[in-house]
Structure formats: structure tokens, C-alpha cells
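Each chain is listed here by its residues.
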Amino acid sequence: MNILVTGAAGFIGFYLTQELLSRGESVIGIDNLNDYYDTSLKTARLQKLAAQKNFTFHKLDLANRKNLEQLFKNNQFDFVIHLAAQAGVRYSIENPHAYVDSNLVGFVNLLECCRHNSIKHLVFASSSSVYGANKKIPFSTSDNVDNPVSLYAATKKANELMAHTYSHLYHIPCTGLRFFTVYGPWGRPDMAYFLFTKAILEGKPIKVFNYGRMQRDFTYIDDIVEGIIRVMNHLPQSSTAEDGSKIPPYKIYNIGNNQPVELTRFIEVIENCLGMEAEKNFLPIQPGDVPTTYADIDDLIQDVGFKPTTSIEEGIERFVSWYKDYYKIV
Ligand code: NAD
């Protein structure tokens, strides 16, 4: 198959592309290589991908409609896996335009290209952040989620609505995946596990928001990739309306560990792996943050037969070991 992966130089895009290539698929990766975080990490990921067969990369911004249309003119894609986005909840508080450009304009450009070039399926990244401060736990895809607490969350919810509309208006089969706090080697330097590990190793204090009472459904990268692959292998099918017409599939799945961990425990696991104690600065919850995330994954188990298996201890151990190796810390 010929697969387009957007955000291929990103954390999840890098792992997914590696997995698809190892399964013999052809992948065209695109990414604008923005400097939201250390671009050398994106370059290093791309170097690893470039060493493999059947991978082609184009530096391309989704907000640039003409370039994206040209890419679709030059290639026939079976699948589009859309992972590119301006990520990060806190950054969205001060930088709204980055989210509008990549997550809204970029997404509609991609949908238009899918509409005018027949693709088999669009799989796109949504986020647990669409649940906002949902009171009902665990978070189910059938919950009403109309109260996003950050612009990032609002753009992810908007993506779901836009994809849903395109699926039935223009017959584009779409599946959205709400990922829950993804972590692991080659991960994102803006995320807590990365910042904590770096600060502890440098002997600097860490910021512990919500006085450590935050809970996150931390999900290991290998489980996320396995979840995406399983969804791709069990894609939802069209249904039939009362008038006999076909309704193209549109489906949302949670991909999360289904085992939230409190922030204080999470820090303890990192401290244990490093054999060092953190100097903790306890602070109130930040604007845009939610106290808890917790994925209900019954649908995922039932439809695609998958449940994450990596414990927080195993996952953090692998991250810390990669971190020390990558940054040559002895
Ligand atoms: P990432 O930032 O590492 O990867 C995203 C990539 O997209 C980056 O390499 C970036 O350069 C690229 N990009 C951004 N805007 C672009 C544009 N306009 N055109 C082309 N490329 C662009 O983030 P990630 O953690 O790999 O996340 C992948 C997807 O999963 C994102 O959609 C994110 O919102 C979603 N997600 C991630 C998490 C998580 O915990 N990592 C949780 C929920 C949802």
C-alpha cells in the first residue's frame, strides 16, 4: 500500500512510519519541521527513517494548499494517516495562530485533497484533551464533550466535526483516534516526563502542577502504534441508511492505557529509574490543564481486539535508558 503519514518527523509519526515500513508498506512522510521543540530531534528521527527502504520525505506545510495539492497530484495514496498538528495544551494559551494554521487550515486542506483524490481511509489524530474536565470517568467516546478547556482541545474537537462532515458529504471513510498522554524514547521534549528527567539530571527543581494531584492515563508509544495498526487492520465499514443509501464509516476510538497514574507516583517512578531525588516545586493547576484523564477502551478491545500492555515502570525505564544514551549521560 501507498501510505501518506503527516507529521512523520514527529514523535508518533516517526514510530508509526518505522512500523509501517517494517511491514513492507511504502510511506511518503511530510512534516514542516517547525521549531516548537528541538528540531535536531526531528532531524535525527528522519535520518533513521531515511535509512529504510520505501520511505520518501517531503518538507511541506499543510497550511500551504498549493504544495499539498501538488503532492496529491504526484501520488496516489491508499491511506492517509494524519498525525501532524501543533500539539501542546499550554502553548496554545499564548500562541493561538499556530493552532489555527496547522490544526484548522492545514486539516481542511488535507480533507479537500482527500475529497478530490479517492483514498480508502483517513485516520487522524485527535486527543484526550477533547474531554476537558469531564466529570464522568473513565472517558467514553459516547460522552458529550462540548467543553474544551484549551484552544488545542477546541481544534482537536473541530477536527472530529470537520472529518465527520466530510465523511458523509463527500464519502470519505474517516477514523479519529483520541490518544492519551503518549510517552517513550524519542519522545517530545515539551512533555512532563522529558522535562522532569532533564531537570532531575541537571539538579534543577521541577514544577509539579496541581500540587501533584493530577492524574494522567500515560500510554507507552509502542501501545499507541500497535493500536493504530490494529485500527487500520479492522477499519469500520459503511452502513446502510433507511432509504438504502450507503453511509460511509466515521468512528472515534480512545487509545489510552486505561490505568491513570497520579503525578506524584509518576515522578517517583522517574526518580527510581534515575536513582536520584527531584527537588519539587508544588504549584496550582495551570490554565488549560485538566485534573484527570482516563480512557474507556471497551470499543477498542471489542472492535480491534487490543488493549495496551506496557506498565508505567517498564515504559519510563525504557525512556530513561534512551535519554541517557541519546544525550550521552554517564
Ligand atoms: P509532534 O509535535 O512530535 O509531531 C507532530 C509533527 O507535526 C511535528 O513534527 C511537526 O513539525 C509537524 N507539524 C506541525 N504542524 C504542521 C504543519 N502545518 N504541516 C506539516 N507538519 C506539521 O507530536 P506527537 O506527540 O507526535 O503528536 C502526533 C499527533 O498526536 C498530533 O496530532 C497530536 O496532537 C496528537 N496527540 C499526541 C499526544 C501525545 O501525548 N503525544 C496526545 C494526544 C494527541
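Because the structure is a prediction, the values reported are computed rather than measured.

Judged by side-chain polarity, V100, V105 and L151 come together as a nonpolar surface patch covering roughly 170 Å² of accessible area. Of note, V100 is situated in helix α5 (residues 96–116). You can call V100 partly exposed: its relative accessible area is 31%.

With that out of the way, let us pick up the side chain of N254. Secondary-structure assignment places N254 in strand β13 (residues 250–255). Residue class for N254 comes out buried when judged on its relative accessible area of 2%. For N254, the side chain forms a polar contact with the side chain of Y131, separated by 2.7 Å. Other than its neighbours up to four places away in sequence, N254 contacts Y131, F139, S140, T141, R178, F180, A295, D296, I297 and L300.

Further remarks concern the UniProt feature "domain: NAD-dependent epimerase/dehydratase" (unreviewed entry) in the chain. Residues annotated in UniProt with the feature "domain: NAD-dependent epimerase/dehydratase" (unreviewed entry) correspond here to residues 3–256. Helix makes up 41% of residues 3–256 and strand 20%. Its end C-alpha atoms lie 24 Å apart.

For the pair helix α3 (residues 65–74) and α5, interaxial distance at closest approach is 10 Å and the crossing angle is 30°. Taken together, α3 and α5 sit at an angle that is classed as roughly parallel. As α3 runs across α5, the sense of the crossing is right-handed. Contact residues: R65, L68, E69 and F72 in α3; N109, L110, C113 and C114 in α5. Of the residues in the contact of α3 with α5, the class split is 5 nonpolar, 1 polar and 2 charged.

Before going further, it helps to examine helix α2 (residues 39–50). Between its first and last C-alpha, α2 extends 16 Å over 12 residues, near the 16 Å set by a 1.5 Å rise per residue. Among the residues making up α2, those that are buried are L41, K42, A44, R45, L46 and L49.

Surrounding the ligand, one finds 28 residues, the nearest of these being D31, Y37, Y152, K156 and V182. Contact between the ligand and N34: an oxygen atom at 3.5 Å from a main-chain N or O atom of the residue. Contacts to the ligand include K42, whose side-chain N or O atom sits 2.9 Å from an oxygen atom. Contact with the protein chains hides 98% of the accessible area of the ligand, taken as 830 Å² for the molecule alone. Only α1 (11–22), β5 (121–127) and α6 (151–170) provide two or more residues apiece to the shell around the ligand. Counting residues per element, the shell around the ligand draws most heavily on β5, at 3 residues. Looking at the shell around the ligand residue by residue, the classes come out as 15 nonpolar, 8 polar and 5 charged.

Taken as a whole and assessed by the stated rule, the structure comprises 19 salt bridges. Note that D303 and K251 form a salt bridge whose closest N and O atoms lie 3.9 Å from each other. With D303 in helix α10 (residues 298–304) and K251 in strand β13, the pair connects residues that are 52 residues apart, well separated along the chain. The exposure class assigned to K251 is partly exposed, which follows from its relative accessible area of 22%. Residues R318 and E314 are paired through a salt bridge, measuring 3.3 Å at the closest nitrogen-oxygen approach. With R318 and E314 both in helix α11 (residues 312–326), this residue pair falls 4 residues apart, about one helical turn. One continuous salt-bridge network, built from bridges that share partners, spans K157, E160 and R178.

Cut-offs and rules
Residues numbered from 1 in each chain as written. Predicted model: local features only at pLDDT ≥ 70, side-chain atom pairs only at ≥ 80, totals over all residues. Heavy atoms only, no water. Patch = residues over 30% accessible without salt bridge, like charges linked within 9 Å, V, L, I, M, F, W, Y side chains within 5 Å. Areas by Shrake-Rupley, 256 points an atom, 1.4 Å probe, with all protein chains shown as cover. Salt bridge = Lys/Arg side-chain N within 4 Å of Asp/Glu carboxyl O. Helix = DSSP H or I, 4+ residues; strand = E, 2+ residues; numbered from the N terminus. Buried < 20%, exposed > 50% of the residue type's maximum accessible area, 1.4 Å probe, protein only. Polar contact = N/O pair within 3.5 Å; in protein donor to acceptor, adjacent residues only side chain to side chain. Contact = heavy atoms within 4.5 Å. UniProt positions renumbered as here; feature names shortened; annotations may be inferred. Axes fitted to C-alpha atoms, helices over the stretch in contact; angles between N-to-C directions. Parallel < 35°, antiparallel > 145°, perpendicular 65-115°, else oblique. Left-handed = near helix turned anticlockwise from the far one by under 90°. Nonpolar A, V, L, I, M, F, W, Y, C, P; charged D, E, K, R; others polar. Expected span 1.5 Å × (residues − 1). Near = heavy atom within 4 Å.

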